[in-house]
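This is what each chain is made of:
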Amino acid sequence: MVSVEFNYADLEYFLMILMRVAAFVYVVPFFSMSHVPRRYRVVLSVVMSVVLYGVLPRQEILYDTVFEYTVIVAKEFLAGILIGMGVNLCSTILALTGTIADMEVGFSMVTLMDPATRQQTTITSTLYQNMIMLILIISGMYQYIIGALAESYELIPVYGANFDAAKLLNVAARFMGEYISIGFRICLPIFAAILMLNAVLGILAKVAPQMNMFAVGLQLKIIVGLGIIFLTLFLLPTAADMIFTEARRMTVAFVEALM
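Calculation rules
Residues numbered from 1 in each chain as written. Predicted model: local features only at pLDDT ≥ 70, side-chain atom pairs only at ≥ 80, totals over all residues. Heavy atoms only, no water. Helix = DSSP H or I, 4+ residues; strand = E, 2+ residues; numbered from the N terminus. Rg over C-alpha atoms; globule rule 2.2 N^0.38 Å. Buried < 20%, exposed > 50% of the residue type's maximum accessible area, 1.4 Å probe, protein only. Areas by Shrake-Rupley, 256 points an atom, 1.4 Å probe, with all protein chains shown as cover. Lys, Arg positive; Asp, Glu negative; His and termini not counted. Charge placed at Lys NZ, Arg CZ, Asp CG, Glu CD. Salt bridge = Lys/Arg side-chain N within 4 Å of Asp/Glu carboxyl O.

Asks: Lay out the overall build of the chain with the relevant residues and their values.
Replies: Each helix and strand in the chain was counted, giving 9 helices and 2 strands. For the chain, the sequential pattern of α-helices and β-strands runs α-α-α-β-β-α-α-α-α-α-α. By the compact-globule yardstick of 18 Å for 259 residues, the chain is too spread out, its C-alpha radius of gyration being 24 Å. For the C-alpha atoms alone, the extent of the chain along its principal axes is close to 90 × 40 × 30 Å. Taken over 259 residues, the chain has a buried fraction of 41%. Put simply, the chain shows about 14,500 Å² of open surface, and 69% of that area lies on carbon and sulfur atoms. Of the side-chain charges in the chain, 14 are positive and 17 negative, and the distance between the mean point of each set is 11 Å.

Asks: Which residues make up the pattern of salt bridges, and what values go with them?
Replies: Under the definition given, this model contains 1 salt bridge. Ionic pairing is found between R20 and E76, a salt bridge with its closest N-O pair at 2.9 Å. Highlighted residues: R20 in helix α1 (residues 8-25) and E76 in helix α3 (residues 66-105), separated in sequence by 56 residues. Taken as a pair, R20 and E76 share a single burial class, namely buried.

Next comes the structure, spelled out in structure tokens:
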């Protein structure tokens, strides 16, 4: 006969696990997209919490008032958000890449509503984000994301998160440097091609001033830009590897800042 005991203390412990997991699921890429139904995210959070509740060592939570328990729950919620932001921030690299590319090609004024994020994005940003998201699913990166959450409980147990402002600030500053570096490296072929095209157009403007270089240059930029974008699509797996490597580093850095 199977006997299962679940008292009020167990419920409190389970709710703490659920807070970190739910905050993580609602922040990380793919799971946080608006076209993923909320009921699926809720079910995923509950299932993951049940699994973690069964494998994690039981820990007694000590508090005296409801306010203290609320603070503990809030700390778990913020810990889940910060761990998830380590992955989510790296997806913003693609937004920077697409913005730079569209500024060079001439598509910066053309924006559209991204149904996944419900934000105005450029055409190239949407293309890169969708392609990288497919690579994320195909490569199994989502398994690492979920595994990182589970392993975070070994380093940061329930009610064990310590928010070090100095470490978090250092992580944010380091990310900003890598954010600009990786974003520019991805769009470097487009930037270099348009730069050389501008140089050629500048020479032609001096050689043949009767030509309307503004009208000719705008069309040439679009043709060259689109050509370079589609010719460099095979480089996206390499770009995805750089982004996923940075995502791992950021996740580890945020976890270390909470230890």
